[in-house]
Amino acid sequence: MTASFPYSLPQVVKITHGEWKKGKEGFNDPLYLSLDSRKISFPKQTIFFAIDTHTRKASDLIPSLYNSGVRNFVTNNNQIKFSNFNDANFVVVKDVISALQKLAASHRKELASTKVIGITGSNGKTIVKEWLNFLLSSQVKIYRSPRSYNSQIGVPLSVINTPTGIDLAIFEAGISQPNEMQTLRKIIQPKIGILTNIGNAHDEGFQNRKEKIREKLILFNEAQTVIYGSDDDEVETEMRNLKRKRPQLQLFSWSSKKKATLQIIKIIGVNEKTIINGIFKGEHLAISIPFSDKASIENAITCWCAALLLFPLQEQIFSRFKDLTSIEMRLQLIPAINHCTIINDSYSNDLDSLNIALDFLNQQKQHALHTVILSDILEAGINENKLFKLVATLLKHKKIDRLIGLGPKMIKNKKAFHFLNETHFYKTTAELIDNFSNLHFQDEIILIKGARTFELEKLSSLLEKKVHQTVLETNLKAIAHNLKVYKSQIRPTTKIMVMVKAFAYGSGSNEVASVLQFHKADYLGVAYADEGVALRESGITLPIMVMNVDESVFNILIKYQLEPEIFSISLMEKYISFLHSAQLFEQPIHVKIDTGMHRLGLMPNEVKAFCKLIENQKSVKIKSVFSHLAASDDPSKKVFTLTQFALFKRLIQKIKKHISYSFDVHIANTAAISLYPQLQMDMVRLGIGLYGIDSDKKMLSHLENANTLRTHISQIKKIKTGESIGYGGDTITKKETTIAIVRIGYADGYSRRFSKGTGKMLVHNQLAPVIGKVCMDMTILDISKIKNVREGDEVIVFGEKLPIQKLAKWIKTIPYEIMTGISGRVKRVYFEEQ
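Okay, so let's go over this structure. (Residues numbered from 1 in each chain as written. Predicted model: local features only at pLDDT ≥ 70, side-chain atom pairs only at ≥ 80, totals over all residues. Heavy atoms only, no water.)

**Remarks on the nonpolar core**
Heads up, the rule is: To define a nonpolar core, start from buried Ala, Val, Leu, Ile, Met, Phe, Trp, Tyr and Cys residues and group those joined through side-chain atoms within 4.5 Å. Each residue gets one of three labels from its accessible area relative to the maximum for its type: buried under 20%, exposed over 50%, partly exposed in between, using a 1.4 Å probe on protein chains only. Every helix listed is a DSSP run of H or I at least four residues long, and every strand listed is a run of E at least two residues long, numbered separately from the N terminus. What makes two residues a contact is simply this: any of their non-hydrogen atoms within 4.5 Å.
Ranked by size, the top nonpolar core spans 186 residues in total, and within it Phe49, Phe417, Leu516, Leu524, Tyr575 and Val625 carry the most contacts. If one sorts the elements of this core by residue count, helix α16 (residues 476–488) sits on top with 7 residues. Not counting residues up to four positions away in its chain, the partners in contact with tyrosine 575 are Phe554, Leu557, Ile558, Pro564, Ile566, Gln587, Ile589 and Val620. Formed by 39 residues, the second largest nonpolar core is a distinct cluster that contains Ile194, Phe252, Ile301 and Phe311.

See the structure below:
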C-alpha cells in the first residue's frame, strides 16, 4: 500500500509523539508513504512505515530498503543500530499502526470544509462508493478511497491520501470483530453515514448479529444523517436506539414494506433492467437501472437516497442511474493473441488505481516487454499539467516500455512521455481499433487501464485469445493469502518450498510462481525439468527443485540453474560423471530418502553407501535432504507418520557424520504443517493447501478458495416423459424434465464418473444434477427445480460455494486428481481482487 504524504518529518514526530533519530546529513521531507517494501517506486521520496506481520518483523527489511535508497522510516524497534544508517532518519514510536492512524486523524482536521461520507455494512460498500462517485462526479469534486481500502490500515491510508479543497470524500469502513470501529470513526468522522446490507461476513468475530450491527453503527456516533434500509427489523431497532441517544441525528430510511423517508412502491423488472418507483417528500419519482438482481437493486436504492439527500432537485443525476455498470473488484490476467497476456482494468482510471495496476503488472515476469494502454484520467481533481507529470513519473519508475494513449488530454500532454521507447496516441477507442494491426502486439504483457466512457472492453475483446468458453479462474490474492496463512503456522526460521508441479495443480505454473516469488517463498518444486525451464523463461529467479530427473536432462539442469532431486545411487553416479566431464563443481542437489512411502528415494539400507559416494565429492553440494510422508492427512495413521519421522531423523544423523557442511532437512507436507508442527524442521513443502484445500478443518477455516471452474448454458430444452437423454439411451425421464446443456465434458477434465446424477453443478446458486452420461464436450443438467434459468447463464462446476472436495467425494477420488485433470483447452484467467 502506498499513498501521497502531506507531512514533514518534524510534523510526523510531533503528531505521533515519536522519538526522532536524526540522520547526519539532515533530511528531505517525504512525498510518499509506503507500507509494502516490494512496491516502492520513489525510494528517496518515501517514508516507510515498518508494520510487523505474523511471519516477519518489518524492521528486518530496513537494511535492504536503505540500500535501495529509502532514507525515512517509522519503526517500533528501538534496538536498531542506527549508526549503520547514518544518513537516514528514524521516527521511533510505540506502535506503528497507531502512529499511522494518528497521522490520518490529524489530516482529517484539514478536511473541515469537505463533506465526508462513511460507508459500512457487510456487503455492497465498494459498489455503493463507486456508484456514488459515478453519479455525483458531474456535480462536485470527489475523492473516494481506493478499491477496498477499508481496514485499520487501509482507512488511514485513504484519509492521508485525500487532497484538501475537494467537495466530497467517500470512505469505506470494514470490521471483523468488536472494538475496531471506534478507531476508524475517529479517523473518518463522517457527516453522512451509509449502512449497506448486513450479511454473514465476519459473523465468527461476533457473539450474534445484534452485536455486529451495534459495532458498525459506532461509525455514525457523530454523523448528522444516516442512510439505511429499514426492512431489516434488527437494523431498524438499533437505528431507533441510536436516535434515542442522539435526538439531533437525522435518519434517512428506505423501505418497500413500511413508512420511510424514501418509500419504494413498485419494482418492475423488464428483461435485464429494473424500474424502481418511490415516493420522496410526497413526490412520485423513478429511476431505471441496468440490473435485475436483488443486491444491485438494494445498492442502487441506497445511492438514490444519498443523491436525494445531497442534490434533491438534480434530475441530471437521477438520469445517470440507467448508465450504472457492474463494478469489477479485481484485476484480471488473461491469455491474449500472439503470445501476449492482458491485465484487464478497463473499468476505472485514477492515480490510485493506476498505481495499484502498475504494481500488479510488475509482479508478472512472463514477458520482457511491458505495454500500457491508458485513457484520459477524468475528474482527477488536480492541475492537468501536474497530473500528467505524475503519470509520466509513475510509468518511468515502473519501467514501462510502450504507451498507447487514448483521449484528447493524453494527446495534448504526450510530450510528458518522451522518455518511453515507443508511444502511440489516439483520440478515441474506435480510432485505436482502426489502427490495431499497426500496433503489432507480440510477446508482451499489456495493461488496459481506462475510464468507463472509453469502452475499452471493445479493445480487450480484440486482444483476448479466442478459446473454449469454459474458464478456470485463479484468484491470485487468495494464493497470496493462503501462503501467508501457512507461513504464520511455521517458525520464522523455517523456510517454505511451494510445489508448482503439474502446471501448478492445473492452475498455471508461471502466473502462480510470479505471485509466490513476489511474496517471498523460499523455494519452488516441480516434477520435471521442462516445468522448471518454463518458469525460468518466464522470469522466475527463485531456487527450483526438480523431482524427477534422468541423464537426458542434465544439460538442461545446468543451463537453467535447476536443482535435481537425487533419489538413487545410480542416478548420483551418472550425475557426478556428467559434472566431472563438464568440469563443474558444487552443483546443488536435493537427496530424497524413502522412509515408508516407497515411491522414489534411497532406501534406509542404501544411505551409508550413498554417503561414501559423495562425502569427498567436489562436484556436488547437498542443499537439502528430505522425505515424503505417506499419510499425514489421515489421523488414524498418526503412529505411521511419527514412525516415518523418527526413521528420517536417525538417517539424517548418519548423513551428517559423513558431510562436513550444513544442509536443510524437510519432511512436512501441506497436511503436516498444521497437524504435526514438530515435523517442520528447516523447511516445509506446501502443495494443494496453496489453493485453499487442507484436510485439517481448523486450518481450512483460515484459507480462501483460489480456483473456480465456470461454464455456461448453451441450450435449454423441455423433454417429455419417457424420453431418453444422452449416450446409451438408458436414462429415461419419469416426468417432464427441463434440461440445460453446458459447455464442459470429459475432454475438459469433467470425468464420466459424474454421469447419471453422481455429479452436480451450481445454477443460480442451486445444485443441478447431471442427467445422462457426461459427453466429450458437453454435459446435461436437470434444471427442472430451478426457476428463471436462461441460455447463456453461468454455471459453477466447482468453487467457493461448491468446494472441489465435495466433487472428489462424489466420485471417490482426491481433489488433486480433479484439479490436475482440467485440460489445456480450458481457458485460464488470473485475477487479483482489490
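**A closer look at the pattern of salt bridges**
Condition: When a carboxyl oxygen of Asp or Glu is within 4 Å of a side-chain nitrogen of Lys or Arg, the pair counts as a salt bridge.
A full pass over the atoms with the stated rule returns 30 salt bridges. Residue lysine 827 is joined to glutamate 464 by a salt bridge in which the shortest nitrogen-to-oxygen separation is 2.9 Å. Placement of lysine 827 in strand β37 (residues 826–833) and of glutamate 464 in the loop between α15 (457–463) and β22 (468–475) is noted, with a sequence separation of 363 residues between them. Exposure class is identical for lysine 827 and glutamate 464. Each is buried. The salt bridge partner of aspartate 664 is lysine 495, with a shortest N-O separation of 2.9 Å. Here the residue aspartate 664 occupies a position in strand β29 (residues 664–666), and lysine 495 occupies one in strand β23 (residues 495–499), the gap between them amounting to 169 residues. Three or more residues are tied together by salt bridges with common partners; here these are Lys129, Glu130, Arg144 and Glu172.

**Notes on helix α6 (residues 181–188)**
Rule in force here: Directions pointing from the helix axis toward each C-beta atom define the arc.
Looking only at α6, the buried set comprises Met181, Leu184, Arg185, Ile187 and Ile188. Taken around the axis of α6, the buried residues stretch over an arc of 165 degrees, which confines them to a single face. As for α6, its buried residues are in contact with α3 (96–109), β7 (115–120), α5 (154–160), β9 (168–172) and α7 (209–217). Following α6 by one or two positions, glutamine 189 has its phi on the positive side, about 45 degrees.

**What to know about the packing of helix α4 (residues 125–136) against helix α9 (residues 294–310)**
Definition in use: Between the N-to-C directions of two axes lies an angle of 0 to 180 degrees, each axis being a line fitted to C-alpha atoms and, for a helix, fitted only over the stretch in contact. What sets the label is the angle itself: under 35 degrees gives roughly parallel, over 145 gives roughly antiparallel, 65 to 115 gives roughly perpendicular, and the rest give oblique. Here is the rule for handedness: rotate from the far helix to the near one, and if that takes an anticlockwise turn smaller than a right angle the crossing is left-handed, while a clockwise turn gives right-handed. Polarity classes work like this: nonpolar for Ala, Val, Leu, Ile, Met, Phe, Trp, Tyr, Cys and Pro, charged for Asp, Glu, Lys and Arg, and polar for all others, with Gly in that last group.
Running from N to C, α4 and α9 cross one another at 45 degrees; their axes reach a closest spacing of 10 Å. With respect to α9, the axis of α4 lies oblique. Crossing handedness for the pair α4 and α9: right-handed. Counted together, Ile127, Val128, Trp131, Leu132, Leu135 and Leu136 of α4 and Ser296, Asn299, Ala300, Thr302, Cys303, Ala306, Ala307 and Leu310 of α9 form the full contact between these two elements. A breakdown of the residues in the contact of α4 with α9 according to their chemical character gives 11 nonpolar, 3 polar and no charged.

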